[in-house]
Amino acid sequence: SWEGAYRISIGQMPFRDFSLPMGYGYWLIPALFFKLFGPFMYSLIKAEVLINLISIVAFRTILSLLKVKPEIILFSVLVFCLSYVSKNFWPWYNHSVVVFELVGLAFLLAAILKSSSWKTWLYLTGAAFFIFLSFFTKQDVGGMAILIAFAILLYDALITKSARKLLIYTATLILISILFIVPLLQYDFAYWFNHGQPPH
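Anyway, here's the lowdown on the structure attached to this text. (Residues numbered from 1 in each chain as written. Predicted model: local features only at pLDDT ≥ 70, side-chain atom pairs only at ≥ 80, totals over all residues. Heavy atoms only, no water.)

Quick look at a nonpolar patch on the surface
Link 1 in the chain: The grouping of Trp2, Tyr6, Ile10, Phe40, Met41, Tyr42, Ile45, Val49, Leu53, Phe89 and Trp90 at the surface amounts to a nonpolar patch, some 1100 Å² of accessible area in total.
Link 2 in the chain: Of all the secondary-structure elements, those providing two or more residues to the nonpolar patch are α1 (2-9) and α3 (41-65).
Link 3 in the chain: When residues in the nonpolar patch are grouped by element, the largest group, five residues, is from α3.
Link 4 in the chain: Within the element layout of this structure, Val49 appears in helix α3.
Link 5 in the chain: Here Val49 falls in the partly exposed class, since its relative accessible area comes to 47%. (Patch = residues over 30% accessible without salt bridge, like charges linked within 9 Å, V, L, I, M, F, W, Y side chains within 5 Å. Areas by Shrake-Rupley, 256 points an atom, 1.4 Å probe, with all protein chains shown as cover. Salt bridge = Lys/Arg side-chain N within 4 Å of Asp/Glu carboxyl O. Helix = DSSP H or I, 4+ residues; strand = E, 2+ residues; numbered from the N terminus. Buried < 20%, exposed > 50% of the residue type's maximum accessible area, 1.4 Å probe, protein only.)

Focus: the side chain of Ser96
Link 1 in the chain: With respect to the helices and strands, the residue Ser96 is situated in helix α5 (residues 93-113).
Link 2 in the chain: Contacts of Ser96, omitting those with residues within four sequence positions, involve Tyr26, Ile51 and Thr137. (Contact = heavy atoms within 4.5 Å.)

Here it is as structure tokens:
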């Protein structure tokens, strides 16, 4: 946690200046906190507090968008805090990937259930960004996030008989992927996928 965040905070670029076995989405928030508060252990803990607060807001937003009763939301958030958030007091990519996924799904549900006109584009862009960030943190969970988002949008397209949201989301996801990945292709980016390494 410390090294990747420190390297990014001093201007080093993943895959150019150092190699990673995953995407660098995980280190973005800790690197920002190193920039703001210095490269200290407490900076990592402060970053995790923010990540945990984001996870709680995203979880509650999803329940609200699904029109769950307020008292059930309250107890669900309490259980979420006691069983999940309280155990994740230290930044780790296995936690951050799920938080990014929750945020992406919250934006996606807002685009489907709540928004109209221009806000749909905004929510779908937020969904595509955070779902990509989930993938760019860890391929397996992020890959599942991409599949879940596509399944929800495909269902919405069948119900509404319109593929507009699905097409907007897909185009935005591809564009964001290109913006993040193309600058890395000149470096050893394939390392992230273990390309060329046994047994791959």
